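Each chain, written out:
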Amino acid sequence: MSDLTKLTLSGALDGMAKGDFTSAELTQAHIKACKDAVKLNAFVTDTHELAMDMAKASDMRRQKAKSSGQSVGKLEGAPLGIKDLFCTEGVKTTAGSKILGEFTPPYESSVSANMKADGMVMLGKLNLDEFAMGSSNETSAFGPVINPWRKGQDLVPGGSSGGSASAVAADLCLGATATDTGGSIRQPASFTGTVGIKPTYGRCSRWGTVAFASSLDQAGPIAKTVKDSAILLESMSGYDPKDSTSINAPVPDWASACGASIKGLRIGIPKEYTIDGMPAEIEKLWQQGIEWLKAAGAEIVDVSLPHTKYALPAYYVVAPAEASSNLARYDGMRYGLRVEGADLADTYERTRTEGFGAEVRRRIMIGTYVLSAGYYDAYYLRAQKVRTRIAEDFKAAWEKCDALLTPTCPSAPFAVGRKVNDPITMYLNDIFTVTANLAGLPGISIPAALDADGLPLGLQIIGRAMDEETVFKAASALEDAAGFTAKPEKWW
Amino acid sequence: MSVSAKDVKKIARLSRLHVEDNQLEPLAGELNGILKWIEQLGEVDVEGVEPMTSAVDMDAPLRKDEITDGGVRDKILANAPKSDDGFFVVPRSVE
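Residues numbered from 1 in each chain as written. Chains lettered and ligands numbered in written order. Predicted model: local features only at pLDDT ≥ 70, side-chain atom pairs only at ≥ 80, totals over all residues. Heavy atoms only, no water.

1. Examining helix H7 (residues 226-236) of chain A
Residue and element names in this part refer to chain A. Basically, it comes down to this: With a 1.4 Å probe rolled over the protein chains alone, any residue whose accessible area is under 20% of its type maximum counts as buried; one over 50% counts as exposed, and the rest are partly exposed. Strands here are runs of E lasting at least two residues and helices are runs of H or I lasting at least four, both read from the DSSP assignment and numbered beginning at the N terminus.
Counted residue by residue, H7 has ten buried out of eleven residues, so it is predominantly covered. When H7 is considered as a whole, its buried residues turn out to be Val226, Asp228, Ser229, Ala230, Ile231, Leu232, Leu233, Glu234, Ser235 and Met236. Backbone geometry just after H7 places Gly238 at a positive phi near 130°.

See the structure below:
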């Protein structure tokens, strides 16, 4: 049998439907790949035994469905990874932090519950930046994830969904869940030559997903192809009364949008999406992307998003403010780590100081400061008003175009340890992705080329709220034109 | 606006975080670097602009005020650092 881990999700689902192989065989192959890839540190918790049980149960369901002429779930039998920010019933969930201790949720997040209902096989829980705060996966309490793409030294896979991105790029799983608060799906996708989509805010329920910044957090998949990402997103999405910001709208057949014609589609090119010091290769790739979409029949229009440069500073007020409030629940009383102190206040402080890492503590303190008496208006209220300005920029752009094309990141993956002590340089990684979070828009990153060092670079499509269909269409056209088939050479 | 070591101590207390005295100055420097960068927001004209409080344009949904869940005491206590006889055990808070 050929190597089953090299399949796409769509290919594997077809193969199982045709009876070429079983979920048990497919899962076994992926478990072996995971065991061989310990050096990547992509998983925090392995659930290999559970995965084999799920695979066998899936094979039985498929048999039964076949004999009774019924259809099977959208993800039936597919071995996938779950970012360790999604609570999974009976399986330890860490959020990449020590503060959750041995926390084992007695409930399942809505997103992973949807996927289980669709027949998913869960291989394990994927590493991430602590509480999804980071752009390099170096803030994880469980050590950094290593990018399978390499250039003489270990490179970061991006973050915060670094485990998800590395695992998919290294063929450890057919796809993975991820979350994106400022770029945490798209930036790691760009760094690892994978596809990652953050849908419209509200598409995926936030219930049971550990909260970072609630008005920005949104789940989405990391996958090998645009179509795979559409299949996964269809399963993850859907209305959930348990999340008051969940959108009550049907989930479209996004997989069918992949490959559809983009003739006449108006693609906007925002002139502000270029920064000083951005490698010429990324500028060139962006131009190449424009040519690809033009050749596929799209109409290219210049647009302006004048408040782009204020998006990151606005984000670094809003996100820490929400985080400081969300993370107040970690007090060592009801679950997770407790470090006993002299009295109650001392126990709180010891627990939180030992339980949280440096970046999380830094963001909690910034959030506390910008929300504190006397500073609320100057920082927090102003940032929320700037957020309105950024959303208005997009609304004006949609008068002239149907989707935007931009680079995903201002750089290729960098070396482990290089930026970890310089917060603002690290924050700048998200400069092209964070705007979509602030405005609540869908955005996808597609691997488009290798740079001179042989490292992957991504392009991003941003669409109107609720219009993932156009995003998938344009992304699929880019994917076809780019013909990106490169894989990292196996060294691990 | 910039924060002093004293301010950092206060922010830490409000955040329920402990910062060693010799770390107050370095942390103040770090936070000031970030706050200075954030201050470019002051350049934006926000006169008459409404603050954006939600990423999704919808009204908050309402449901009937009725019990939809419950009776899971043991599940809730299962992750407690300390529990006894169906209760959380926490440090004394009233002398």
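After that view, the rundown keeps rolling.
2. Describing unusual backbone geometry
Residue and element names in this part refer to chain A. At the junction of Gly159 and Ser160, the peptide bond is cis and its omega measures out at 10° in the coordinates. Note that Ser160 resides in the loop between strand E3 (121-126) and helix H5 (162-169). Phi is positive for Asp171, which is not a glycine, with a value near 60°. Here Asp171 shows up in the loop between H5 and strand E4 (175-180).

3. Overview of the side chain of Thr139 of chain A
Residue and element names in this part refer to chain A. Applied cut-off: Polar contact criterion, stated in full: a pair of N or O atoms within 3.5 Å, where within protein one must be able to donate a hydrogen and the other to accept it, and residues adjacent in sequence count only if both atoms are side-chain atoms. Whether two residues are in contact is decided by their heavy atoms, any of which lying within 4.5 Å being enough.
By secondary structure assignment, the location of Thr139 is in the loop between E3 and H5. Reaching out from Thr139, the side chain makes a polar contact with the side chain of Asp129 at a distance of 2.9 Å. One polar contact links the side chain of Thr139 to the main-chain carbonyl oxygen of Met133, over a distance of 3.0 Å. Discounting residues that sit within four places of it in the chain, Thr139 has contacts with Gly96, Asp129, Glu130, Met133 and Glu359.

4. Looking at the pattern of salt bridges
Residue and element names in this part refer to chain A. Selection rule: For this document, the term salt bridge refers to a Lys or Arg side-chain nitrogen within 4 Å of an Asp or Glu carboxyl oxygen.
Evaluation of the coordinates by the stated rule reveals 27 salt bridges over all chains. In this structure, Asp84 and Lys125 form a salt bridge, with 2.8 Å as the shortest nitrogen-oxygen distance. Taken as a pair, Asp84 in the loop between strand E2 (79-83) and helix H4 (110-117) and Lys125 in strand E3 lie far apart in primary sequence, 41 residues in all. Both residues of the pair, Asp84 and Lys125, belong to the buried class. With a closest N to O distance of 3.1 Å, Glu468 and Arg203 form a salt bridge. With Glu468 in helix H16 (residues 468-482) and Arg203 in the loop between strand E5 (195-198) and strand E6 (218-223), this residue pair connects regions lying 265 residues apart in the sequence. Comparing Glu468 with Arg203 shows no difference in burial state: the two are buried.

5. So, the domain arrangement of chain A
Residues and elements named next belong to chain A. Our working rule: The start and end points of each domain follow an automatic or database-based domain assignment. Note on definitions: buried area is the accessible-area loss of two parts on being combined, 1.4 Å probe, summed for both. Amino acids are sorted into nonpolar (Ala, Val, Leu, Ile, Met, Phe, Trp, Tyr, Cys and Pro), charged (Asp, Glu, Lys and Arg) and polar (every other residue, Gly among them).
The domains assigned to chain A are domain 1 (4-259) and domain 2 (309-385). Tallying the contact residues gives 20 residues for domain 1 and 21 residues for domain 2. It is Ile99, Met133 and Phe212 that lose the most area in domain 1 upon contact with domain 2, and together they represent 39% of the buried surface on that side. Along the contact surface separating domain 1 from domain 2 lie eight residue pairs in polar contact (both at pLDDT 80 or more). Class assignment of the residues belonging to the side of domain 1 that touches domain 2 gives a composition of ten nonpolar, eight polar and two charged.

6. Quick notes on the nonpolar core
All names here are of chain A. Applicable threshold: Grouping buried Ala, Val, Leu, Ile, Met, Phe, Trp, Tyr and Cys residues that are joined through side-chain atoms within 4.5 Å yields what is termed a nonpolar core.
Among the nonpolar cores identified, the biggest contains 172 residues, and Phe131, Leu172, Phe394, Leu405, Ile444, Ile461 and Phe472 are the most heavily contacted of them. Considering each element in turn, this core owes the most residues, ten residues, to helix H10 (residues 311-326). A domain-level breakdown of this core finds at least three residues from each of domain 1 (4-259) and domain 2 (309-385). Apart from the residues lying within four places of it in its own chain, the contact partners of Ile444 are Arg186, Val195, Gly196, Ile197, Val226, Ser229, Leu459, Gln460, Ile461, Val471, Phe472 and Ala475. If you look at the next biggest cluster of nonpolar residues, it comprises five residues, including Val156, Phe191, Cys409 and Met426.

7. Things to note about the pairing of E3 of chain A
All names here are of chain A. This is how the line gets drawn: Strands qualify as paired when DSSP identifies two bridges or more between them. Orient the strands so they point away from the viewer, and a crossover whose first-strand-to-second-strand path over the helix runs clockwise is right-handed.
Counting buried positions along E3 yields six of six residues, so the element is predominantly enclosed. Where strand E1 (residues 43-46) meets E3, three bridges bridge the pair, whose relative direction is antiparallel. By the bridge assignment, Thr45 is partnered in E3 with Lys125. Where E2 lies against E3, five bridges are found, and the strand directions are parallel. Each residue of the ladder has a partner; that of Pro79, found in E3, is Val121. Each parallel crossover has a hand, and the one from E2 via H4 to E3 is right-handed.

8. Quick notes on a positive patch on the surface
As a reminder, the rule being used: For patches, a residue must show more than 30% relative accessible area and have no salt bridge; joins then use 9 Å for like charges and 5 Å for nonpolar side chains, namely Val, Leu, Ile, Met, Phe, Trp and Tyr. Surface exposure here means Shrake-Rupley accessible area, sampled with a 1.4 Å probe, where a residue is shielded only by the protein chains that are shown. Asp and Glu are treated as the negative residues and Lys and Arg as the positive ones, with His and the ends of the chain left uncounted. Charged groups are reduced to one reference atom each: NZ for lysine, CZ for arginine, CG for aspartic acid, CD for glutamic acid.
Taken together, Lys6, Lys10, Arg13 and Arg16 of chain B make up a surface patch of like positive charges. Checked against the element boundaries, Arg13 of chain B lands in helix H1 (residues 5-14).

9. Observations regarding the packing of H10 of chain A against helix H12 (residues 358-371) of chain A
Residues and elements named next belong to chain A. Quick note on the threshold: Convention adopted: a line fitted to C-alpha atoms gives each axis, helices being fitted over their contacting stretch, and angles between N-to-C directions are expressed from 0 to 180 degrees. Roughly parallel means an angle under 35 degrees; roughly antiparallel, over 145; roughly perpendicular, 65 to 115; everything else is oblique.
Across the interface, H10 lies against H12 with an axial gap of 7 Å and an inter-helix angle of 100°. Overall, the two elements H10 and H12 adopt an arrangement that is roughly perpendicular. Where H10 approaches H12, its residues Tyr316, Val317, Pro320, Ala321 and Ser324 are matched on the opposing element by Arg363, Ile364, Ile366, Gly367, Thr368, Val370 and Leu371. Of the residues contributing to the contact of H10 with H12, the split by class is eight nonpolar, three polar and one charged.

10. Here we look at H4 of chain A
All names here are of chain A. Buried residues of H4: Ser110, Val111, Ser112 and Met115, and no others. Where H4 is buried, its residues meet E2, E4, E6 and H7. Gly119, located one to two residues past H4, shows a positive phi value of around 100°.

11. Observations concerning the interface of chain A and chain B
Of the residues lining the interface, 59 residues belong to chain A; the matching set on chain B comes to 49 residues. Roughly 4900 Å² is buried in total at the junction of chain A and chain B, and carbon and sulfur atoms are behind 70% of that figure. Scanning the region where chain A abuts chain B turns up three salt bridges. Between Arg362 of chain A and Glu30 of chain B there is a salt bridge, with its nearest N and O atoms 2.7 Å apart. Across the chain A-chain B interface, the total number found is 17 residue pairs in polar contact (both at pLDDT 80 or more). Secondary-structure elements contributing two or more residues to the side of chain A that touches chain B are H10, helix H11 (344-355), H12, helix H13 (376-397), helix H14 (423-427) and helix H15 (434-439) of chain A.

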